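Residue-level structure breakdown
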Amino acid sequence: MGRLDKRTALITGGSAGIGRAAALLFAQEGAQVVIAARNAERSQGVVERIQAAGGSALFVPCDVRRPEDCARAVQATLDAYGQLDILFNNAGIVPVGTVLETSLETWADVLATNVSGTFYMSRAALPHMIARGKGVIINCGSDNSLVAGQDSAAYCATKGAVALLTKAMALDHGRQGIRVNAICPGDTYVERWNAKVAPGQTLDEYLDELGEGFALGRVSSADEMARAILFLASDDSSYMTGALLVVDGGSTAGGTAVMFR
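Below you will find a few notes about this structure. Computed from a predicted structure; not experimentally measured. (Residues numbered from 1 in each chain as written. Predicted model: local features only at pLDDT ≥ 70, side-chain atom pairs only at ≥ 80, totals over all residues. Heavy atoms only, no water.)

1. With respect to the overall build of the protein
Stated formally: Segments assigned H or I by DSSP are reported as helices when at least four residues long, segments assigned E as strands when at least two residues long, and all are numbered from the N terminus. Computation of the radius of gyration draws on C-alpha atoms, with the globule rule given as 2.2 Å multiplied by the number of residues to the power 0.38. Exposed residues in this analysis have more than 50% of their type's maximum accessible area, buried residues have under 20%, and partly exposed residues fall in between, with area computed by a 1.4 Å probe over protein chains only. The contact criterion used throughout is that any non-hydrogen atoms of two residues lie within 4.5 Å.
A tally of regular secondary structure across the protein gives 7 helices and 7 strands. Taken from the N to the C terminus, the helices and strands of the protein come in the order β-α-β-α-β-α-β-α-β-α-β-α-α-β. Here the protein has a C-alpha radius of gyration of 18 Å; the compact-globule value for 261 residues is 18 Å, and the two agree. In terms of overall dimensions, the protein has a C-alpha envelope of 50 × 40 × 35 Å along the principal axes. Buried positions account for 52% of the 261 residues belonging to the protein. Within the protein, contacts between residues separated by at least 24 positions form 73% of all contacts whose residues are at least 6 apart in sequence.

Right, here's the structure in full:
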């Protein structure tokens, strides 16, 4: 029996990276999975992997910057499965730059994606969860929800906002049966890092070099992060709400976050 049997999970940005790893693990643990994302080809590939393993999943096109897309994703979940038990607000972007280096367009886009997207999707999901008297919302924070990093002003601003939005939602909806927590990953290998490998350097060499900045001596994998997210989604964390679960390999233990974006 899986830890998420008979539950339905909606995951934004579930086509790649941490979102994909969470979708696959949730399905292994018995959940029906809905992937809300912009990339149809990658998302459908995740759906097919889940279905091939005997699970149930579907893809819903969604741009979390658009409140109507978020409402449509929640409705599609309810139409398909009749319930929404878990919402993982994972979709996000990671711009690099100081305030002076960040364009107005980038600033607006990262706010719309990382903060407004979390707000819009939660706002769409909460009425159903409240009506049922239960539900779990997991927001994707960051080690930069706790401490800042250099050359990441806009990103840090949004992840700080996600942290306090998480706490506010937990206070507002706890007595309605809703638990709201945030996963705060440290540097986690995802596909976009491949472009940063220097000529003549292997991916393993690059990751080893990055890992030297962490207490554990390595960066995380998306699968490791998914296991922490599963903990927040399951009854194993039944007395947790308003928490920022930091899974960062020790990067913030000394009061500063290593920034390898």
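2. Side note on the packing of aromatic side chains
To keep it simple, the criterion reads: Planes of paired rings set the category: under 30 degrees apart is stacked, over 60 is edge-to-face and the rest tilted, where pairs are Phe, Tyr or Trp rings (Trp by its six-membered ring) whose centres lie within 6.5 Å.
Scanning the model with the defined rule gives 2 aromatic pairs in all. Centre to centre, the rings of Phe119 and Tyr120 are 6.0 Å apart; their planes meet at 65 degrees, and the pair counts as edge-to-face. When its relative accessible area of 40% is taken as the criterion, Phe119 is described as partly exposed. Classification of Tyr120 as partly exposed rests on a relative accessible area of 25%. Between Tyr189 and Trp193, the aromatic rings sit 6.2 Å apart at their centres with planes inclined by 80 degrees, giving edge-to-face as the arrangement.

3. So, the sheet that holds strand E7 (residues 244-247)
Where we set the bar: Strands are treated as partners if at least two bridges between them are detected by DSSP. Axis angles are defined between N-to-C directions and span 0 to 180 degrees, where every axis is a line fitted to C-alpha atoms and, for a helix, only to the segment in contact.
Taking strand neighbours across the sheet as the criterion, the 7 strands line up as E3-E2-E1-E4-E5-E6-E7 in an open arrangement whose pairing is parallel. The open sheet has two edge strands with one neighbour each: strand E3 (57-61) and E7. If you compare each strand with its neighbour and ignore which way they point, the axes differ by 20 degrees on average. Two strands pair when backbone bridges link them, and strand E6 (residues 178-185) and E7 are joined in this way by 4 bridges, in the parallel orientation. If you follow Cys184 over to E7, its bridge partner there is Val246. Across the sheet, helix H4 (residues 104-132) touches strand E1 (8-12), strand E4 (86-89), strand E5 (135-140) and E6, and the angle it forms with E4 is around 175 degrees. In the packing of helix H7 (residues 222-233) onto the sheet, the strands contacted are E4, E5, E6 and E7, and the crossing angle to E6 comes to about 165 degrees.

4. Thoughts on a negative patch on the surface
Applied cut-off: Residues with no salt bridge and a relative accessible area higher than 30% make up the patches, which join like charges within 9 Å and nonpolar side chains (Val, Leu, Ile, Met, Phe, Trp, Tyr) within 5 Å. Using the Shrake-Rupley algorithm and a 1.4 Å probe, accessible areas are obtained, with residue cover drawn only from the displayed protein chains. Just to be clear on terms, a salt bridge is a Lys or Arg side-chain nitrogen sitting within 4 Å of an Asp or Glu carboxyl oxygen. The charged-residue count follows a simple rule in which Lys and Arg add positive charge and Asp and Glu add negative charge, with His and chain termini not counted at all. Every charge is mapped onto a representative atom, which is NZ of Lys, CZ of Arg, CG of Asp or CD of Glu.
Taken together, the side chains of Asp204, Glu205, Asp208, Glu209 and Glu212 make up a negatively charged region of the molecular surface. Along the chain, the position of Glu212 falls in the loop between helix H6 (203-211) and H7.

5. Looking at the nonpolar core
Soluble globular proteins: nonpolar side chains tend toward being buried together. Note the cut-off: As used here, the term nonpolar core means buried Ala, Val, Leu, Ile, Met, Phe, Trp, Tyr and Cys residues forming a set that is joined through side-chain atoms within 4.5 Å.
Residues Phe26, Val33, Phe88, Ile138 and Ile183 are the most contacted members of the largest nonpolar core, which totals 34 residues. Those residues in contact with Val33 that lie beyond four places of it in its chain are Ala9, Ile11, Ala23, Phe26, Ala27, Ile50, Ser56, Ala57, Leu58 and Tyr81. Among the nonpolar cores identified, the runner-up in size contains 25 residues, and Ala36, Cys62, Ala91 and Met129 belong to it.

6. Details of the pattern of salt bridges
According to the stated counting rule, one finds 11 salt bridges in the structure shown. The closest approach of N and O atoms between Arg218 and Glu224, which form a salt bridge, is 2.8 Å. On the basis of relative accessibility, which here comes to 24%, the residue Glu224 falls in the partly exposed class. Because the salt bridges share partners, they merge into one network encompassing Arg66, Glu68, Asp69 and Arg72.

7. Digging into helix H2 (residues 40-52)
Count 3.6 residues to each turn of an α-helix, and residues three or four apart come out pointing the same way. Applicable threshold: In a helix, the anticipated span is given by 1.5 Å times the number of residues less one.
Between the first and last C-alpha of H2 there are 18 Å, a value that for 13 residues agrees with the 18 Å anticipated at 1.5 Å per step. Where H2 terminates, the next one or two residues include Gly54, which has phi positive at roughly 95 degrees.

8. Some points on the packing of helix H1 (residues 17-28) against H7
We count it as follows: For this classification, under 35 degrees means roughly parallel, over 145 means roughly antiparallel, 65 to 115 means roughly perpendicular, and everything else is oblique. Note: crossing handedness is left-handed where the near helix turns anticlockwise from the far helix by less than a right angle, and right-handed where it turns clockwise.
In the contact formed by H1 and H7, the axes pass within 8 Å of each other and the chain directions differ by 60 degrees. It follows from the interaxial angle that H1 and H7 lie oblique. Regarding H1 and H7, the two cross each other, and that crossing is right-handed. Residues Gly17, Ile18, Ala21, Ala22, Leu25 and Phe26 of H1 lie in contact with H7, whose contacting residues are Ala222, Asp223, Met225, Ala226, Arg227, Ile229, Leu230 and Ala233.

9. Section: unusual backbone geometry
Trans is the prevailing form of peptide bonds, just as negative phi is the prevailing case for residues other than glycine. In this structure, Lys6 is a non-glycine residue whose phi angle is positive, near 65 degrees. Tracing the backbone shows Lys6 in the segment before E1. The residue Asp151 is not glycine, and still its phi comes out positive at about 55 degrees. Among the secondary structure elements, Asp151 is positioned in the loop between E5 and helix H5 (153-173).

10. Some details on the environment of Glu205
Counting through the fold element by element, Glu205 comes out in helix H6. Taking C-alpha positions, Glu205 is 39 Å from Asp235, a pair spaced 30 residues apart along the chain.

11. Observations regarding H7
The end-to-end C-alpha distance of H7, which contains 12 residues, comes to 16 Å, matching closely the 16 Å that a straight helix rising 1.5 Å per residue would cover. For H7, the full list of buried residues reads Ala222, Met225, Ala226, Ala228, Ile229, Leu230, Leu232 and Ala233. Summarising the contacts, the buried residues of H7 are in contact with H1, E4, E5, E6 and E7.

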